[in-house]
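Coordinate inspection notes
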Amino acid sequence: MARKKANVPDFRPLNVPIVDNHTHIRIDSQHYLTTGYNVDAEYLDGSASSPTAHNVPASETGALAAESDASTSQAYGRATRPERQNYTESGKLAPPILESTLIGGMDAGGIRAAITSGCSIPELVPTVGATRRHPGRIYAALAIHPNDAPLHAGVREQSPDGATYEQEAWHEDFSLDRAIEEVARLAVEPEVVAVGETGLDYFRTGDTGRAAQVQSFREHIALAKDLGKPLQIHDREAHRDVVDVLLRDGAPERTVFHSFSGDAELAQVLASNGWYASFSGPLTYPANRNLREAFCALPAELILVETDAPYLTPVPYRGHPNSVWGASYTAIYMAWLRGDPEARAIVDDATNAEVEAAWLSTSDEIIDAWCVQLNRNTRAVYNIG
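To start, this report covers the structure provided alongside it.

Thresholds, definitions, all that
Residues numbered from 1 in each chain as written. Predicted model: local features only at pLDDT ≥ 70, side-chain atom pairs only at ≥ 80, totals over all residues. Heavy atoms only, no water. Helix = DSSP H or I, 4+ residues; strand = E, 2+ residues; numbered from the N terminus. Buried < 20%, exposed > 50% of the residue type's maximum accessible area, 1.4 Å probe, protein only. Contact = heavy atoms within 4.5 Å. Areas by Shrake-Rupley, 256 points an atom, 1.4 Å probe, with all protein chains shown as cover. Pairing = 2+ DSSP bridges. Salt bridge = Lys/Arg side-chain N within 4 Å of Asp/Glu carboxyl O. Axes fitted to C-alpha atoms, helices over the stretch in contact; angles between N-to-C directions. Parallel < 35°, antiparallel > 145°, perpendicular 65-115°, else oblique. Left-handed = near helix turned anticlockwise from the far one by under 90°. Nonpolar A, V, L, I, M, F, W, Y, C, P; charged D, E, K, R; others polar. Polar contact = N/O pair within 3.5 Å; in protein donor to acceptor, adjacent residues only side chain to side chain.

Examining the overall build of the protein
Within the protein one finds 16 helices and 10 strands. Each of the 385 residues in the protein was classed as buried or not, and the buried ones make up 55%. Taking contacts inside the protein between residues at least 6 apart in sequence as the whole, the part at least 24 apart equals 75%. Carbon and sulfur atoms make up 48% of the accessible area of the protein, which totals about 15700 Å².

Things to note about the pairing of strand β6 (residues 192-201)
For β6, the tally of buried residues reaches 10 of 10 residues, placing the bulk of the element in the interior. Relative to β6, strand β5 (residues 138-142) runs parallel, the two sharing 3 bridges. Residue pairing for β6: L142 is matched across the bridge by V195.

Focus on the pattern of salt bridges
As enumerated under the stated definition, the model contains 13 salt bridges in all. The salt bridge involving K92 is made with D10; its shortest N-O contact spans 2.9 Å. Highlighted residues: K92 in the loop between β2 (86-87) and β3 (93-94) and D10 in the segment before β1 (18-23), separated in sequence by 82 residues. Through salt bridges with shared partners, one network takes in R132, E189 and E191.

Here we look at the environment of E172
By secondary structure assignment, the location of E172 is in helix α7 (residues 169-173). Residues E172 and G154 lie 18 residues apart in sequence; the distance between their C-alpha atoms is 7.5 Å.

A few points about the packing of helix α12 (residues 289-297) against helix α13 (residues 327-339)
Close contact between α12 and α13 brings their axes to 11 Å; oriented N to C, the two are set at 70 degrees. With respect to α13, the axis of α12 lies roughly perpendicular. The way α12 lies across α13 gives a crossing that is right-handed. The segment α12 lies against α13, with R292, F295 and C296 engaging Y333, M334, L337 and R338. Tallied by class, residues from the contact of α12 with α13 come to 5 nonpolar, no polar and 2 charged.

Concerning unusual backbone geometry
A cis amide bond links G196 with the next residue in sequence, E197, at an omega value of 15 degrees. Cis rather than trans, the peptide bond between V315 and P316 has omega equal to 10 degrees. Its location among the elements puts P316 in the loop between β10 (303-305) and α13. Positive phi, close to 55 degrees, is recorded for E237, a residue that is not glycine. Inspection of the secondary structure assignment puts E237 in the loop between β7 (231-236) and α10 (239-249). Judged by its relative accessible area of 53%, E237 is exposed. Of note, D308 is a non-glycine position whose phi angle comes to about 55 degrees, a positive value.

Considering the side chain of H24
Mapped onto the secondary structure, H24 falls in the loop between β1 and α1 (41-45). By relative accessible area, which is 9% here, H24 ends up buried. Here S117 takes part through its backbone oxygen, which lies 3.3 Å from a polar atom of the side chain of H24. Here the side chain of H24 touches E197 through a polar contact of 3.1 Å, side chain to side chain.

That is the geometry; function is a separate question.
Below you can see the structure in the form of structure tokens.
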């Protein structure tokens, strides 16, 4: 396997800044490791600035912080934050990206806001805290990830990808029902604009764990409807069952297939039901013809863009760690594929280098028009600016 490149994508400014509709901002890159759970009040009131734990009286932190501290008071480990931003030897930005760098990078890279998904117990409270440190720039989606659901249910089995995933301390401390209760308690906050990511993943979950995934998915569907918030769906090698559960239980009014991975047939199902598809970097990968056909089959008003960072980095930075401003490259590719009448012929017949040169030189007029459409769609789903 090729070694992953060290630097994140370079900034690609957009005349019309857009929203990264689904990412994973590593709150721990400035404060705690992803596996280090802490419920300091500062994460909730937006004042966290160091990884030092404090026992702040409830009267000074508000009801939400006090309630969180009472229900999830155990810390699961922590790490000292980096003192300064990392760079490669050639001067390129490298992970971990500090929050201060992130916000400046969003400004430079054409990203006006980002929705970060906290989808495990250690991430829930810090994710809400990040939204309060950066109001109007960072929003949250909260859930228990499909691959965590079986672990909370006590399932331990070899998955189809050949691995056996071990329970962490928080999986043992929180039953699946209690973990979803934590999501529900925090998801009422106005900065939490979606429930997600939830759904089904048959790549990393075996037969025994699927029942827990379905239970978790159904409970998150009900939660999204109760709160009147959008649902962000994780669907990996489980298209038919995801659709069946949505149709049986009744999908929320605003339902989004995050990092859409289906074909034109699934795209037609989404279009028929008014569900949204959010596309990430794999849309730009030369081999993904089925994904491009799905993208072109969808109505423009049902399309969103995301990074799923730090994963799924678009061309021309495939193989690098991703960051929120990687969404600008995917948006440009989208604009070219939808707006240039010659794009479909080029992408099917030209060399990879020729395709890359073509879409990276898309006119500002085509890009701007597409970014306006993406912003209209984002407002319709998440009511963000």
